[in-house]
Amino acid sequence: MSNQNTTIAFVRDNMLDQQPAPRGQVGMSKWIRDNLFSNWLNTALTLVSIVLIYSLLRGALPWIFGGVWDANSLQECREILSGRHAACWGVINERWQQIFYGTFFPSSEYWRTHIAFVLLIIAVLPVLFDALPRKLLWLTAAYPFLMVWLIWGGSLWGPLSIAMGFVVAYFATIGAGRYMGSGLSTLVGVAIALLWWFLIGPAIVGVLNDTVPLFALREIQSRELGGFVISMIIGVSGIALSLPIGIVLALGRQSDLPLVKAMCIGFIEFFRGVPLITLLFTASLLLNYFLPPDVVFDLTLRVIVMVTLFSSAYMAEVIRGGLAALPKGQYEAADALGLDYWQAQRLIIMPQALKISIPGIVNTFIGLFKDTTLVFFIGIFDMLAAAQAIRANSAWNGITWELYIFIGLIFWVCCFSMSRYSQWLERKLRTDHH
Amino acid sequence: MTTMIDPPKADGFHISQLLYDTRYRSITIQVIAFIAFMFIALFLVMNVKSNLASLGKEIDFGFLKNPANYDIKQRLIEYDSTSSNFRAAMVGLLNTLFVAFLGCILATIIGVTAGVLRLSKNWLIAKIMTVYVETFRNIPVVIWIIATMAVLTETLPQPKSFRGENPDASMWLWDSIAVTGRGTYIPSPDWGAGSAFVVITFLLSLLGIWAFGRWAKRRFEATGQILPNFWIKIAIFFVPSLLVFFILGRPIGLNFPVLTGFNFKGGFELSNSFLALWLALSVYTGSFIAEIVRSGILAISKGQSEAAAALGIRPSRTMNLVILPQALRVIIPPLISQFLNLTKNSSLALAVGYQDLRATLGGTTMNNTGRELESMLLMMLIYLIVSLVISTGMNVYNKSMKLKER
Amino acid sequence: MKKTVFLSALAAAGLVASGAMAQDSGSSTLAAVKEHGALKCGVNPGTPGFAAPDANGVWKGFDVDLCRAVAAAIFGDPEKVEYTPLTSAVRFTALSSGEVDMLARNTTWTFSRDVDLKLEFTGVNYYDGQGFMVPKDLGVSSAKELSGATVCIETGTTTELNLADFFRVNGLDYEPVPVESFTEAQNQFLAGACDVYTTDASALAASRASFETPNDYVVLPEIISKEPLGPLVRHGDSEWGDVVRWTLNAMVSAEELGVTSANAADMAANGTENPEINRLLGGEGELGAMLGLPNDFGLNIITKVGNYGESFEANIGESTPVGLARGLNALWTEGGLIYSPPFR
């Protein structure tokens, strides 16, 4: 047997060294062949795209990077460029404040908007990422009042009293809950809150403001707001205020009560059916017709009201989607536990439905934030209006691209990062078992 | 939401039952809601009444019959400055529908192309499409409209550049299309005597194509033979119409744009405000549609394309025959809402001065007559009807597309 | 049972709601302005010389001066004004709805605005007319040669209507390019998107002056309309209308009488020979009290804002970039139309 080993010549007893794969099958070249030149159609597409990208970049890159940053007027900029075709970024350098804060915002108070913005991010984070400590949610709850105080100024007593209203309403609801059903006790709470906000609160605040104004900041009128700040304010307050209305509308739309359902559907379909710009014109032209003669809101507030109503219709649809996505067992479990309608909503349904609605809410916010550009058409000094004002100025008469690219870039950065977040969350929710 | 049924009580009705009896509680809640609703509605209506009274105005739609006194450049129906405000509003409404309709078509073409190409195996193409989608949908559409308008106005040659011995600019396609900084002028058909025959022949051949398609399909199912369907259809499309056209001595001519005076005259003018609005809306909405299409395709399980491959269907046809028909069911509902958005966004025409419904009824008419309440209400009502019609129509279509489960 | 309860409750609800409506309340604008502590004035969002915010966000201009004068008359302080920039489309509604107390926004006084829109024009601070501007190389010397031209117009203004009338009457055709704002119209015109830019002649001059090469553009000689521009208030509050009217008149009278911001204080302190000056400056009579204003309201207007001529020269006069001649807007004594009823 032993010589068999030697007689069978074709049996190898040592391993061959591993050969490198053929050059066309690995690394760069394979990747390029598979992904760019797999057949003649792909090859043609690739070549056309390369030519397109090249010609685009050849035009755009020198224009962008060869731009002039130090110039105080278009003439000066053109002199520096001396015939070269490049951007005049000097306009951004000189006027970025106008774009960010608006034309009329006092420059000594810019710091307030910075704090408001940083706090906004901190306040939003715990909502967006549930890994963060839940205690931070208290800041989220307090943020709207802080923002009002920081942006519009005045004494802190006003916002505090509004916040107090919620606390009063909470305790009133709890207290009344001992004697009646949760639906009715909520009504009692709302009534007490309204009483506080319209009668008791203003009186107390008036006295307090006269005696010990708390952290009084310089007051800023709504019409002094502008630029990025106003877009942010309208967007954030629109979304924040529309959330509760949206919840009510979504519940109403799913309700068994035909009248309530019809009213909610009517509201939602109306606001989703007309363009936002007509609603904004309504805010600027008609809203005063619908209010008593002595009640005059300023334009910014009217716009916020309209934007809130508008986005609450969209929010209702988002939350309805969240409610529909909940397994029926959750409703049945709530019924089985003997919870009444409001308890079931508050303790079981809403927390889950809202959580799965967050991507949709973020998308609504992105849409709303982009739509804030429309306020330009009714005379609010947002970024587009700032651009127009700069273009109307004799120093920068004739400049176009630099401004719109800059404004577009600001929107892009905000919206892109938010949409990335909502995509991430969607993926996470899909894998998260709830 | 109440699931408990109380046993009927023997004795009669008590007030407290309104609150505690689940049978009556829903009525109580609805009545309260209705009272609140009526209160709000009446509050608003009474305010409007008293505010109008203190201004000495009243609600009156009579202004719609008065002459409008202004001119509209883009119009699909006859209109001049002596026409009524109502007619001006109709011109505006048609302009809105025109741009919305063309926008929906172009946006769908762009969106489907981009969505499919984003899934392409070609890395470069897929990345380019990703960049397109992410750039366009994250920047407000107003900015795109304004920017498109600026590109058209500032980079294209003005009519005066076409003038003179050695003009700076020249027309395209053998002097038939003029692309200028004011608008694009394309040849328009000139209907001569006998052109009706050509049109009728053309319509008949369209009918013929349809009939042939049905016949060929039945034949295929019966015999299994495949005819060169495409080429035969092309032949039916062109041959009869062209024959009649030449037999009758070319009754349909083309009206070419010619530079006369300050502007190009003749032909059909697509003004820049229209083009800017149309292109910007289409490209912007297209980026959303691309995402819808992409996620629709991804929603079809991989097994479907593997099954198609197992059946021996070529990869190029798998998309058309297997994936897209199924993906369509996922795609159509969000597509409807994009079409609605596009229609509503067409009101941003005011950024470029395209005279749509908002610019006529809700713009110049409102302004000249001072009837802001009437104009705005009417305008919102019209937009609402348009939106509801679109969504109803598309929902019907969606239902017909639905998977018919047997 | 269920149905009857439901229906009767609905009916009751309707009754309760309709019975519970509040009545409206009328109030005087002057009192409201005083209570608010500032005048809410609607202005043009940006026409150089007439109304535009400067780089620091401070409003300046000929129309703005009128707001300042009214504030000076009421509060003695021209800075107590809240400016609301209004596009031509929303200006009247803003006034009607009480969002602003007065409009000083180069608005043409027309019959239908005065009567049908229920507004009250309280005078004319600038006599204007609609003109045309064209690039020189268009080779046009009269508006009658503009057949077939593309015309840029601001929508929602009388110019749009005048334009339609002018071309129809003269049997010319044209293509309107409606534009939302003055700035946009100017940009479109410069880019060549229209052959002609039409608006009030004063604004044409202002806009031509701001061009890089003003000499490449000409304003055609035709003036196709009368455009008396003036401040306006709501119908139905004549006291408030009087305040605005006599503020403008005070500025005009001051120029007629030779009272300027430099010498007014001196004249008021020492008195003058001319009783009308004394009445204007509050030294004689109770004119201010009749209006519900401080008696020295005239003095405040003139020292803090200036007389009509001073305001004109400072904002739109020949020494400014806008460079308008007085023309029709000279005093009646100098061949113009500017005239004030006497202070008596």
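Residues numbered from 1 in each chain as written. Chains lettered and ligands numbered in written order. Predicted model: local features only at pLDDT ≥ 70, side-chain atom pairs only at ≥ 80, totals over all residues. Heavy atoms only, no water.

- Where an unreviewed UniProt entry is consulted, chain C appears under the name General L-amino acid-binding periplasmic protein AapJ, with the organism given as Pacificibacter marinus.
- For the record of chain C, the UniProt heading Sequence similarities (unreviewed entry) holds the text "Belongs to the bacterial solute-binding protein 3 family." (UniProt positions renumbered as here; feature names shortened; annotations may be inferred.)

- Named according to an unreviewed UniProt entry, chain B is Putative glutamine ABC transporter permease protein GlnM originating from Pacificibacter marinus.
- UniProt, in its Sequence similarities (unreviewed entry) section for chain B, records the words "Belongs to the binding-protein-dependent transport system permease family. HisMQ subfamily."

**Observations regarding the overall build of chain C**
Link 1 in the chain: Scanning chain C from terminus to terminus reveals 14 helices and 13 strands.
Link 2 in the chain: If one aligns the C-alpha atoms of chain C with their principal axes, the spans along those axes are about 85 × 70 × 40 Å.
Link 3 in the chain: Nonlocal contacts in chain C, meaning residues at least 24 apart in sequence, comprise 71% of its contacts between residues at least 6 apart.
Link 4 in the chain: Total accessible area computed for chain C in this model is approximately 13000 Å², and 54% of it derives from carbon and sulfur atoms. (Helix = DSSP H or I, 4+ residues; strand = E, 2+ residues; numbered from the N terminus. Contact = heavy atoms within 4.5 Å. Areas by Shrake-Rupley, 256 points an atom, 1.4 Å probe, with all protein chains shown as cover.)

**Remarks on unusual backbone geometry**
Link 1 in the chain: The backbone of Asn69 of chain B sits at a positive phi, close to 70°, despite the residue not being glycine.
Link 2 in the chain: The backbone phi angle of Lys118 of chain C is positive, close to 60°, even though this residue is not glycine.
Link 3 in the chain: For Lys118 of chain C, the location among the structural elements is in the loop between α5 (111-115) and β6 (119-121).

**Considerations on the UniProt feature "transmembrane region" (unreviewed entry) in chain B**
Residues and elements named next belong to chain B.
Link 1 in the chain: Under the UniProt annotation, the feature "transmembrane region" (unreviewed entry) is placed at residues 27-46, 97-119, 131-152, 191-213, 234-254, 274-300, 321-340 and 376-397.
Link 2 in the chain: For residues 27-46, the end-to-end C-alpha separation is 27 Å, with 100% helix and 0% strand making up the annotated structure.
Link 3 in the chain: Strand forms 0% of residues 97-119 and helix 96%; the C-alpha atoms that close the span are 33 Å apart.

**Digging into the interface of chain B and chain A**
The parts lose accessible area when they come together, and the size of an interface is often stated as this lost area.
Link 1 in the chain: The interface of chain B with chain A comprises 55 residues on the first partner and 57 residues on the second.
Link 2 in the chain: The contact between chain B and chain A buries some 5000 Å² in all, and 72% of this surface belongs to carbon and sulfur atoms.
Link 3 in the chain: The interface formed by chain B and chain A holds one salt bridge in total.
Link 4 in the chain: Taking the shortest distance from any N to any O, the salt bridge between Glu134 of chain B and Arg420 of chain A comes out at 3.4 Å.
Link 5 in the chain: Taken together, the links from chain B to chain A amount to 15 residue pairs in polar contact (both at pLDDT 80 or more). (Buried area = accessible area lost by both parts, 1.4 Å probe. Salt bridge = Lys/Arg side-chain N within 4 Å of Asp/Glu carboxyl O. Polar contact = N/O pair within 3.5 Å; in protein donor to acceptor, adjacent residues only side chain to side chain.)

**Things to note about the side chain of Asn122 of chain B**
Link 1 in the chain: Within the secondary structure, Asn122 of chain B sits in the loop between α3 (85-118) and α4 (123-137).
Link 2 in the chain: Discounting chain neighbours no more than four positions away, the residues touching Asn122 of chain B are Asn35, Leu36, Asn42, Leu45 and Thr46 of chain A.

**Focus on the packing of helix α10 (residues 227-254) of chain A against helix α13 (residues 299-325) of chain A**
Residues and elements named next belong to chain A.
Link 1 in the chain: One way to put it is that α10 packs onto α13 with a least axis distance of 5 Å and a crossing angle of 45°. Between α10 and α13, the angle is such that the two are oblique. Between α10 and α13 lies a crossing of right-handed hand. (Axes fitted to C-alpha atoms, helices over the stretch in contact; angles between N-to-C directions. Parallel < 35°, antiparallel > 145°, perpendicular 65-115°, else oblique. Left-handed = near helix turned anticlockwise from the far one by under 90°.)

**Here we look at helix α7 (residues 229-247) of chain B**
Link 1 in the chain: With 19 residues, α7 of chain B should cover 27 Å at 1.5 Å per step; its first-to-last C-alpha distance of 27 Å lies within 8% of that length.
Link 2 in the chain: Of the residues trailing α7 of chain B, Gly249 of chain B is marked for its positive phi of about 75°. (Expected span 1.5 Å × (residues − 1).)

**Some words on the interface of chain C and chain B**
Link 1 in the chain: Listed per partner, the contact involves 52 residues of chain C and 49 residues of chain B.
Link 2 in the chain: On the surface where chain C and chain B come into contact, there are three salt bridges.
Link 3 in the chain: Across the contact surface, chain C and chain B share eight residue pairs in polar contact (both at pLDDT 80 or more).
Link 4 in the chain: Of all the secondary structure elements, the ones that give two or more residues to the side of chain C that touches chain B are α1 (2-19), α4 (91-96), β9 (149-154), α6 (158-169), β10 (174-179) and α7 (182-191) of chain C.
Link 5 in the chain: Take the side of chain C that touches chain B: its biggest share by element is ten residues, from α1 of chain C.

**Overview of the UniProt feature "domain: Solute-binding protein family 3/N-terminal" (unreviewed entry) in chain C**
Link 1 in the chain: According to UniProt, the positions carrying the feature "domain: Solute-binding protein family 3/N-terminal" (unreviewed entry) are residues 38-267 of chain C.
Link 2 in the chain: Within residues 38-267 of chain C, the helical portion is 34% and the strand portion 27%, while the C-alpha atoms at the span's ends are 28 Å from each other.

**Quick notes on the packing of aromatic side chains**
Link 1 in the chain: Tallied over the entire structure, the rule returns 55 aromatic pairs over all chains.
Link 2 in the chain: Ring geometry for Trp96 of chain A versus Tyr101 of chain A: centroids 6.3 Å apart, planes at 55°, classification tilted.
Link 3 in the chain: For Trp96 of chain A, a relative accessible area of 33% gives the class partly exposed.
Link 4 in the chain: Residue classification places Tyr101 of chain A among the buried residues on the basis of a relative accessible area of 7%.
Link 5 in the chain: Between Phe62 of chain C and Phe312 of chain C the ring centres are 5.6 Å apart and the planes differ by 80°, which places this aromatic pair in the edge-to-face class. Here the residue Phe62 of chain C occupies a position in helix α3 (residues 62-75), and Phe312 of chain C occupies one in helix α14 (residues 308-315), the gap between them amounting to 250 residues. (Phe/Tyr/Trp six-rings, centres within 6.5 Å; stacked < 30°, edge-to-face > 60°. Buried < 20%, exposed > 50% of the residue type's maximum accessible area, 1.4 Å probe, protein only.)

**Here we look at the sheet that holds strand β8 (residues 130-135) of chain C**
Sheet strands pair via backbone hydrogen bonds, and the direction of the pair is either parallel or antiparallel.
Residues and elements named next belong to chain C.
Link 1 in the chain: Spatial strand order, β10-β9-β11-β8-β12: five strands in an open sheet with mixed pairing. Looking at which strands have only one partner, the edges of the open sheet turn out to be β10 and β12 (217-219). Along the sheet, successive strands turn relative to each other by an average axial angle of 25°, direction set aside.
Link 2 in the chain: Pairing of β9 with β10, which is carried by six bridges, proceeds in the parallel orientation. (Pairing = 2+ DSSP bridges.)

**Some details on the environment of Arg320 of chain A**
Residues and elements named next belong to chain A.
Link 1 in the chain: Topologically, Arg320 is positioned in helix α13.
Link 2 in the chain: Arg320 sits in the partly exposed class, given a relative accessible area of 30%.
Link 3 in the chain: Sequence separation between Arg320 and Glu269 is 51 residues, and the spatial gap between their C-alpha atoms is 14 Å.
Link 4 in the chain: Ignoring any residue separated from it by four or fewer positions in sequence, one finds Arg320 in contact with Ala250, Arg253 and Gln254.
Link 5 in the chain: Within the local environment of Arg320, its side chain forms a polar contact with the side chain of Glu317, the two groups lying 3.1 Å apart.

**Examining the side chain of Ser96 of chain C**
Link 1 in the chain: Turning to its location among the elements, Ser96 of chain C is positioned in helix α4.
Link 2 in the chain: Ignoring sequence-local partners within four residues, the contact set of Ser96 of chain C consists of Tyr289 of chain A, Leu55 and Lys57 of chain B together with Leu119 and Arg234 of chain C.

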